[in-house]
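# Inside the fold
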Amino acid sequence: MSSLSEVLLNEHHYIAVGTALLPEDEEVDLVYEENASPAKEGRLLLLDPVHDRSSNTWTLEISAELKTVGAVNDITIIHEFLAYAAASKVSIMKYEDDVLTELSNFSSTFIAHSLFTAPPSKYQAEEKLIVGDGMRSVLMLEVDDESGMIYGDDRDMATHQVVALAGIKDRGQGVVVADVSYFFCVLDRS
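Computed from a predicted model, the values in this text were never measured in an experiment.

Time to look at unusual backbone geometry. Not every positive phi belongs to a glycine, and Glu-11 is a case in point at roughly 60 degrees. With respect to the helices, strands and loops of the structure, Glu-11 is situated in the loop between β1 (3–9) and β2 (12–21).

Written out as structure tokens, the structure is:
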């Protein structure tokens, strides 16, 4: 498992799981020597937690499954669409009738590693998708709330190898970014 998130789609809660299919042990050393990602493919699973009241037990049923190129590094929701980061791509997905359909994607990252949905604020009327690039930068993507199309992006090259993103609220909205240098910066989105 490479990522795990609770998501709300179509007014129903799911557990979104990202996986990475890794090569055999003897192949791993060769992959690292070539400075490549060891996961060549992965899967995105939407799991539906089902409660059986008679036995008071929970089970997980797979509601949707999607094969991906590279490990699924992060999953979030923006404008009621599912967004996931895998390999060098961020995809915006629609979930309908137990099927995930790609509406748009953005592939101008080295490694799409971390995602965060920045809420509306007095400076931005709509949610924005913040993307942490595992090699170079932080991006802010604009996603149309009706079609799911990605139509704008801003990039901040001050970070290197982003490993985590999180939202903060302290006298306004913000995003904390952690990179491999342990440098934390706050992008003021208040």
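Bringing the packing of aromatic side chains into the picture now. When we look at a pair of aromatic rings, we describe it by the centre distance and by the angle of the planes. Overall, the coordinates contain 1 aromatic pair when judged by the stated rule. Between the aromatic rings of Tyr-14 and Tyr-95, the centroid separation amounts to 5.4 Å while the plane-to-plane angle is 80 degrees, which identifies the pairing as edge-to-face. Residue Tyr-14 is found in strand β2, and its partner Tyr-95 is found in strand β7 (residues 89–96); the two are separated by 81 residues along the sequence. For Tyr-14, a relative accessible area of 9% corresponds to the buried category. Taking relative accessible area as the criterion, Tyr-95 reaches 5% and is therefore assigned buried.

Once that is clear, we can look at the pattern of salt bridges. Under the definition given, this model contains 4 salt bridges. Across the pair Lys-94 and Glu-96 runs a salt bridge whose closest N-O atoms are separated by 3.8 Å. Look at Lys-94 and you get partly exposed, because its relative accessible area is 35%.

About the criteria used
Residues numbered from 1 in each chain as written. Predicted model: local features only at pLDDT ≥ 70, side-chain atom pairs only at ≥ 80, totals over all residues. Heavy atoms only, no water. Helix = DSSP H or I, 4+ residues; strand = E, 2+ residues; numbered from the N terminus. Phe/Tyr/Trp six-rings, centres within 6.5 Å; stacked < 30°, edge-to-face > 60°. Buried < 20%, exposed > 50% of the residue type's maximum accessible area, 1.4 Å probe, protein only. Salt bridge = Lys/Arg side-chain N within 4 Å of Asp/Glu carboxyl O.

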